[in-house]
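Architecture and fold: a report
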Amino acid sequence: MNLYAINAIYRFEMARTGRTLFQSIISPVISTSLYFVVFGAAIGSRISEVDGVSYGAFIVPGLIMLSLLTQSLSNASFGIYFPRFTGTIYEVLSAPVSYLEIVIAYVGAAATKSIIVGLIILATAGLFVPLEIQHPGWMLLFLVLTSVTFALFGFIIGIWAGNFEQLQLVPLLIVTPLAFLGGSFYSISMLPPAWQTVTLFNPVVYLISGFRWSFYGMADVGVGVSLAMTLLFLAICIAIIAWIFKTGYRLKS
Amino acid sequence: MNTPSPHGFLAQMSSILSISNLSKTYDSGFQALKAVNLEIERGELFALLGPNGAGKTTLISIICGIVTASSGKVTVDGHDIIREFRAARSMIGLVPQELTTDAFETVWDTVNFSRGLFGKGKDPDLVERVLKDLSLWDKKDNRLMTLSGGMKRRVLIAKALAHEPRLLFLDEPTAGVDVELRRDMWRVVRRLQETGVTIILTTHYIEEAEDLADRVGVINKGEIILVENKAELMHKLGRKQLTLHLAEPIAAIPDALAEHQLELQSGGEALVYTYDTRGERTGITALLQDIHAAGIRFRDLNTKQSSLEEIFVDLVKAPS
């Protein structure tokens, strides 16, 4: 394995975070804090507890998950799209680096960044609401699995995208709505029965539900189902990336 | 089973790059390479010439792993570029035609990034030497976006040299580079060649190939139409011209000189005789005798050998 290459790409990507500190880390922290102010303090004070958890605390896992999804996706998609756009991808393609090493480096860096953002948001949330984490091991497992899975998804988008508009399309039009409708701000048991069934087709429901379970021991769907669905999505992303590299789709002519 | 001939086997042993029956057809249907065969000898400087769209960059891109070949085989120092891509690519350095650099990285960081990417540990002394050789040392902390085009070109060369390649591709490296920078670059290239690095160069500046190359290959419409030692190529294909500057202008070439197929130039003040250096007889003696017999006197004469550029133009214009 070319560990020097993995290290070089990983550090290059992390250095980009350092250069764009405000955009990469501070910006999501500020926007999440605003969610707490609006939904937690202002509106949340008029909402009763959800399954015995104050509304402000209830939304914490959903908010972290919302940031994880968008950050993993945008970091990874930009990370691979930008060298394609500028043409510097030639160097990675001509280097003695396997496809697996390329994915580990780019996806690893994107996932690291989003995990850092997630943990910072968790710490920020602790300033607004009392937090308890009943299953910290599961919490970290979901945090890492979700970051890696959506970084892989972002990597796919970064290779598929033909321009910057397409790069923004999936996060804006698909992931953010799915995250909002996936129970970030409510329990799906609060929905009418018909909508509860429809919601189960939203993959983000399983991520948020499993993550929330690791905090408060309560979930919309069983934690085993959440884990299975997350792993299924991870496997689908890995399969698509394997196909991309096998065929050279949008990378090699 | 095909057994390689002793000559072929020996040729492959001394080759650092071996290309056999390499073809590439793009999805659009355009056939960029047609069964290309080429052997590059260890330590040589090989100039690959060809008009735009001839297949030069496609050929280089396939060898480096950027483009997938439709068929054929390429080995670098005996390593198949597909099955043993790590060993093959570790030996290769590529300076691409396009000025593609990251905008926000510093020169130092981007060159070290390239070294790591090619599986080499940090070596600040080597990177410093490379940057100094390319007159980039004082720019090492500059961001790439602040550099001029010529400087960016040097950075691309530094990146390609950072992992100490044994086979270096220079794809139009001096395009858009001023004369001074170009000379600096060639100094570096010559020094590299002295250390045993094999260099494959594509260029539009044919005088560069003429100055630097050991061998010249000409590619046109996806086919290698000629590979020849540069000196032999110029000897074989080079035509020479003898120009006689007349003491007094003449209106027309006398019939007695018709068999020499002369051209009358400079308003009747010069007679130009074109001859082939490969021929046993150049016909110069007979020509001079006939001119003397015709009563034509000349005050000066000079000869001129065809340049590589003229040879190149003749080759790619010739019907295939």
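Let us look at the structure shown here. Computed from a predicted structure; not experimentally measured. (Residues numbered from 1 in each chain as written. Chains lettered and ligands numbered in written order. Predicted model: local features only at pLDDT ≥ 70, side-chain atom pairs only at ≥ 80, totals over all residues. Heavy atoms only, no water.)

**A short note on the overall build of chain B**
Scanning chain B from N- to C-terminus turns up 11 helices and 14 strands. A principal-axis box enclosing the C-alpha atoms of chain B has dimensions of 80 × 60 × 40 Å. The buried share of chain B, taken over its 320 residues, is 46%. In chain B, once contacts between residues fewer than 6 apart in sequence are set aside, the share between residues at least 24 apart is 70%. If the 38 positive side-chain charges of chain B are averaged to one point and the 44 negative ones to another, these points end up 5 Å apart. (Helix = DSSP H or I, 4+ residues; strand = E, 2+ residues; numbered from the N terminus. Buried < 20%, exposed > 50% of the residue type's maximum accessible area, 1.4 Å probe, protein only. Contact = heavy atoms within 4.5 Å. Lys, Arg positive; Asp, Glu negative; His and termini not counted. Charge placed at Lys NZ, Arg CZ, Asp CG, Glu CD.)

**Quick word on the overall build of chain A**
Secondary structure assignment for chain A yields 10 helices and zero strands. Rg of the C-alpha trace for chain A: 19 Å, near the compact-globule value of 18 Å for 253 residues, within the 12% margin. Along the longest, intermediate and shortest principal axes, the C-alpha atoms of chain A span 60 × 35 × 35 Å. A buried classification covers 52% of the 253 residues belonging to chain A. Across chain A, every contact between residues at least 6 apart in sequence was considered, and the portion connecting residues at least 24 apart equals 79%. (Rg over C-alpha atoms; globule rule 2.2 N^0.38 Å.)

**Examining helix α7 (residues 179-194) of chain B**
Residue and element names in this part refer to chain B. Taking 1.5 Å per residue, 16 residues should reach 22 Å; α7 reaches 23 Å between its end C-alpha atoms and fits that length. Tucked inside the fold, the buried residues of α7 contact β3 (45-49), α5 (124-133), α6 (149-161), β7 (167-171), β8 (198-202) and α8 (206-212). G196, located one to two residues past α7, shows a positive phi value of around 100 degrees. (Expected span 1.5 Å × (residues − 1).)

**Examining the interface of chain B and chain A**
Taken together, the 29 residues of chain B in the interface contact 24 residues of chain A. Here chain B packs against chain A, burying approximately 2,400 Å² in sum over the two surfaces, 59% of which is carbon and sulfur. By the criterion of area lost to chain A, the three top residues of chain B are B:R86, B:F113 and B:L117, representing 25% of everything that side buries. In this assembly, chain B and chain A are joined by three salt bridges. Measuring nitrogen to oxygen at the nearest pair gives 3.0 Å for the salt bridge that ties A:E91 to B:K159. (Buried area = accessible area lost by both parts, 1.4 Å probe. Salt bridge = Lys/Arg side-chain N within 4 Å of Asp/Glu carboxyl O.)

**Observations concerning a nonpolar patch on the surface**
Residues and elements named next belong to chain A. The grouping of V37, V38, I43, I47, L127 and F128 at the surface amounts to a nonpolar patch, some 530 Å² of accessible area in total. Counting residues per element, the ones that place at least two in the nonpolar patch are α2 (21-43) and α5 (99-128). Along the chain, the position of V37 falls in helix α2. Assessed through its relative accessible area of 41%, V37 is described here as partly exposed. (Patch = residues over 30% accessible without salt bridge, like charges linked within 9 Å, V, L, I, M, F, W, Y side chains within 5 Å. Areas by Shrake-Rupley, 256 points an atom, 1.4 Å probe, with all protein chains shown as cover.)

**Describing the nonpolar core**
Core analysis: the biggest nonpolar cluster contains 153 residues, and A:F155, B:L17 and B:F169 have the highest contact counts within it. With 14 residues, the top contributor of residues to this core is helix α3 (residues 55-86) of chain A. For this core, the two domains that each supply at least three residues are domain 1 (6-234) and domain 2 (238-317) of chain B. (Core = buried A, V, L, I, M, F, W, Y, C linked by side-chain atoms within 4.5 Å. Domains from an automatic or database assignment.)

**Describing the sheet that holds strand β5 (residues 79-80) of chain B**
Two orientations exist for strands paired in a sheet by backbone hydrogen bonds: parallel and antiparallel. Residues and elements named next belong to chain B. Judged by pairing direction, the sheet is antiparallel, and its four strands sit side by side in the order β2-β1-β4-β5 without closing on themselves. Every other strand in the sheet has two partners, leaving β2 (31-41) and β5 as the edge strands with one partner each. Bridge count between strand β1 (residues 15-25) and strand β4 (residues 71-76): five bridges; the pairing is antiparallel. Counterpart to S20 in the pairing with β4 is K73. The sheet contacts of helix α2 (residues 56-64) involve β1, β2 and β4, and relative to β1 the element is tilted by about 115 degrees. (Pairing = 2+ DSSP bridges. Axes fitted to C-alpha atoms, helices over the stretch in contact; angles between N-to-C directions.)

**What about the side chain of A:T32?**
All names here are of chain A. Tracing the sequence through the fold places T32 in helix α2. For T32, a relative accessible area of 2% corresponds to the buried category. Non-local contacts of T32, meaning those with residues more than four positions away in its chain, are made with L63, S67 and I121.

**What about the packing of aromatic side chains?**
All chains considered together, the criterion is met by 23 aromatic pairs over all chains. Their ring planes at 50 degrees and their centres at 5.8 Å tell us that A:F215 and A:Y216 sit as a pair that is tilted. You'll find A:F215 and A:Y216 in the same group, each marked buried. Each ring, one from A:W243 and one from A:Y249, has its centre 5.3 Å from the other, and the planes form 40 degrees; the classification is tilted. Take A:W243: its relative accessible area is 46%, and that puts it in the partly exposed class. Of the residues examined, A:Y249 reaches a relative accessible area of 27% and is grouped as partly exposed. Through pairs of rings, three or more aromatic residues link up here, namely A:F78, A:Y81, A:F82, A:F85 and A:F164. The aromatic ring of B:W137 is capped on one face by B:K132, whose charged end is 5.1 Å from the ring centroid. Taking NZ or CZ as reference, B:K140 lies 5.1 Å from the ring centre of B:W137, over its face. (Phe/Tyr/Trp six-rings, centres within 6.5 Å; stacked < 30°, edge-to-face > 60°. Lys NZ or Arg CZ within 6 Å of the ring centre and 35° of its normal.)

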